[in-house]
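The residues making up each chain are set out below.
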Amino acid sequence: MSGLCMVAAVSCGGGAADNNECVNTCDASSSKAVVENIMARRSIRKYKQQTVARDTMKIILECGINAPNGQNKQSWEVRVVDNPETMEFIKSAMSEGRDVNVGSCFRGAPVMTFIARDPSYDFSAYDCGLLAENMMLSATSLGVGSICLGSPIRFINDSPKKNDILSLLGFSEGYELCLCVGFGYPDEAPDAKPRDWSKVKFVD
Ligand SMILES: Cc1cc2nc3c(=O)[nH]c(=O)nc-3n(C[C@H](O)[C@H](O)[C@H](O)COP(=O)(O)O)c2cc1C
């Protein structure tokens, strides 16, 4: 089954044929479902211990790399860490030389994605942000919680072990770590934070 069919089969409740043909079984209610899904997503900062299976993560990642991106350069790289020991290594490396363990900035998410941008492309940060949002929204639709995280980037960049962490993640030459997104099964259901409509105006 192609990646596209795999995603369609999950999001539309079946209908993807295995003979290289995608059958779209989505009906008009799907458009409402997308809006509801967007409005249902919240940053999750408390997770159950259960990890997210790699097959589920692959759907989320497939949605991520299908995000719109400048000139289809796909100017991102993603590393997925779902091994608790690897995550522990990163947390303790980040905390070296500090009074506190800063690993809590990952908010206990059992699967962490590290996203790097290509600084030679001026729109790369937007590409990475859109990839992150696609991943978070698809996660919501699969019952997986998520959290977008900027603070680990600062801790890693300030760490004397920065190079160890980056060589473990193994991004291509020139790529710069810019964002983390954590995933896991939610152990909380936070309310939506207020949004400021005055930031948005129709211009006549
Ligand atoms: C670029 C970016 C960086 C963020 N960094 C952090 C972070 O370091 N720690 C954290 O707990 N939340 C972080 N967040 C989550 C925001 O706090 C959250 O999205 C915002 O408060 C709105 O809440 P909501 O996602 O539940 O709608 C970040 C979000 C974005 C988009």
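Structural data are supplied above this passage.
Summarised in this report is the structure supplied together with it. Here the structure is a predicted model, which means the values were calculated and not measured.

### A look at the overall build of the protein chain
- Helix and strand counts for the protein chain stand at 7 helices and 4 strands.
- When the elements of the protein chain are put in sequence order from the N terminus, they spell out α-α-α-β-α-β-α-β-α-α-β.
- Within the protein chain, the proportion of its 204 residues that are buried is 37%.
- For the protein chain, the proportion of contacts with a sequence separation of at least 24, taken over those separated by at least 6, is 81%.
- Of the roughly 12,100 Å² of accessible surface on the protein chain, a fraction of 52% belongs to carbon and sulfur atoms.

### Describing the side chain of Ser 146
- Within the element layout of this structure, Ser 146 appears in strand β3 (residues 145-149).
- Its relative accessible area of 2% is what places Ser 146 among the buried residues.
- The contacts of Ser 146, once residues within four sequence positions are left out, are Arg 42, Ser 43, Ile 44, Tyr 47, Met 136, Val 181, Gly 182 and Phe 183.

### A word on unusual backbone geometry
- A positive phi angle is found at Asn 72, which is not glycine, with a value near 50°.
- Following the sequence through the fold, Asn 72 ends up in the loop between α3 (54-65) and β1 (76-81).
- Phi is positive for Gln 74, close to 50°, though the residue is something other than glycine.
- Examined against the element boundaries, Gln 74 turns out to sit in the loop between α3 and β1.
- Residue Gln 74 is classed as partly exposed on the basis of its relative accessible area of 35%.

### So, the pattern of salt bridges
- All told, the structure shown has 6 salt bridges when counted by the stated rule.
- Where Arg 54 meets Asp 82, a salt bridge forms, and the shortest distance between an N and an O atom there is 2.8 Å. Of this pair, Arg 54 sits in helix α3 while Asp 82 sits in the loop between β1 and α4 (84-95), and the two are 28 residues apart along the sequence.
- On the accessibility criterion, Arg 54 (58% relative accessible area) is exposed.
- For Glu 176, the salt bridge identified is with Arg 117, shortest N-O distance 2.8 Å. Remark: Arg 117 occurs in strand β2 (residues 111-117) and Glu 176 occurs in strand β4 (residues 176-184); sequence separation between them is 59 residues.

### So, the side chain of Asp 118
- Among the structural elements, Asp 118 can be located in the loop between β2 and α5 (124-141).
- Nearest to the buried, unbridged Asp 118 among oppositely charged side chains is Lys 73, at 6.7 Å.
- Excluding residues that lie within four positions of it along the chain, Asp 118 makes contacts with Ser 75, Ser 124 and Tyr 175.

### Notes on a nonpolar patch on the surface
- The grouping of Val 34, Val 35, Ile 38 and Met 39 at the surface amounts to a nonpolar patch, some 380 Å² of accessible area in total.
- In this structure, Val 34 sits in helix α2 (residues 29-40).

Rules used in this analysis
Every residue gets a number counted from 1 within its own chain, in the order that chain's sequence is written. pLDDT decides what is reported in this predicted model: residues at 70 or higher carry local features, side-chain atom pairs at 80 or more are listed and counted, and totals for whole chains, interfaces and linings draw on all residues regardless. Hydrogens and water molecules were not included; the side-chain quantities draw on all heavy atoms of the structure. By definition, any uninterrupted DSSP run of H or I lasting at least four residues is a helix, any uninterrupted run of E lasting at least two residues is a strand, and each is numbered from the N terminus. Residue exposure (1.4 Å probe, protein chains only): buried if accessible area is under 20% of the type maximum, exposed if over 50%, otherwise partly exposed. Between two residues, a contact is recorded if the distance between any of their heavy atoms is within 4.5 Å. Only the protein chains shown count as cover for residues, and all accessible areas are computed by the Shrake-Rupley method using a 1.4 Å probe. Definition used for salt bridges: Asp or Glu carboxyl oxygen within 4 Å of a side-chain nitrogen of Lys or Arg. His residues and chain termini do not enter the charge count, which takes Lys and Arg as positive and Asp and Glu as negative. Residues enter patches when they are more than 30% accessible in relative terms and free of salt bridges; like-charged ones are connected within 9 Å and nonpolar ones (Val, Leu, Ile, Met, Phe, Trp, Tyr) within 5 Å.

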